[in-house]
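# Close look at the chain arrangement
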Amino acid sequence: MGVEQPDLAVEGETKEEVEVTEPPLYRVFLHNDDFTPRAFVVAVLVAVFHKPEAEAAALMWQAHHHGIALCGIYPLELAETRIARAHEAARESGFPLRFTLEEDRP
Ligand code: TYC
């Protein structure tokens, strides 16, 4: 009895080849709106996305002027958790601040 182990080495090969697949990463985007105060956006980026103040301000201005800013690239669970926390904070304060994510394809 016992659990069967998969053969990692192909018959005849001297070296064992193990393929490593990295987990997909996701881009998180910050979207502009007409209602969320600028200081609130910066505070969320600092508190939830752990951005230094100056970088948070630069991202806020980027979204404010261009409609969208790339906030960071994270594994799926971290991206989803941070977006959920940011949305919770915004909704609690009555603001429509919005983040989205997309797979980071090459
Ligand atoms: N445009 C907002 C304002 O003028 C500020 C803002 C900036 C909101 C960036 C969202 O992602 C954003 N109060």
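Here we summarise the structure given alongside this text. (Residues numbered from 1 in each chain as written. Predicted model: local features only at pLDDT ≥ 70, side-chain atom pairs only at ≥ 80, totals over all residues. Heavy atoms only, no water.)

### Some details on helix α2 (residues 53-66)
Spanning 14 residues, α2 covers 20 Å between terminal C-alpha atoms, matching the ideal 20 Å at 1.5 Å per step. Among the residues making up α2, those that are buried are Ala56, Leu59, Met60 and Ala63. Taken around the axis of α2, the buried residues stretch over an arc of 100°, which confines them to a single face. Of the exposed residues in α2, the ones pointing more than 90 degrees away from its buried face are Ala54, His65 and His66. If you follow the buried residues of α2, they end up packed against β1 (25-31), α1 (38-47) and β2 (68-75). Looking one or two residues beyond α2, the residue adopting positive phi is Gly67, at roughly 95°. (Helix = DSSP H or I, 4+ residues; strand = E, 2+ residues; numbered from the N terminus. Expected span 1.5 Å × (residues − 1). Buried < 20%, exposed > 50% of the residue type's maximum accessible area, 1.4 Å probe, protein only. Arc of directions from axis to C-beta. Contact = heavy atoms within 4.5 Å.)

Purely geometric stuff here, so don't read any function into it on its own.
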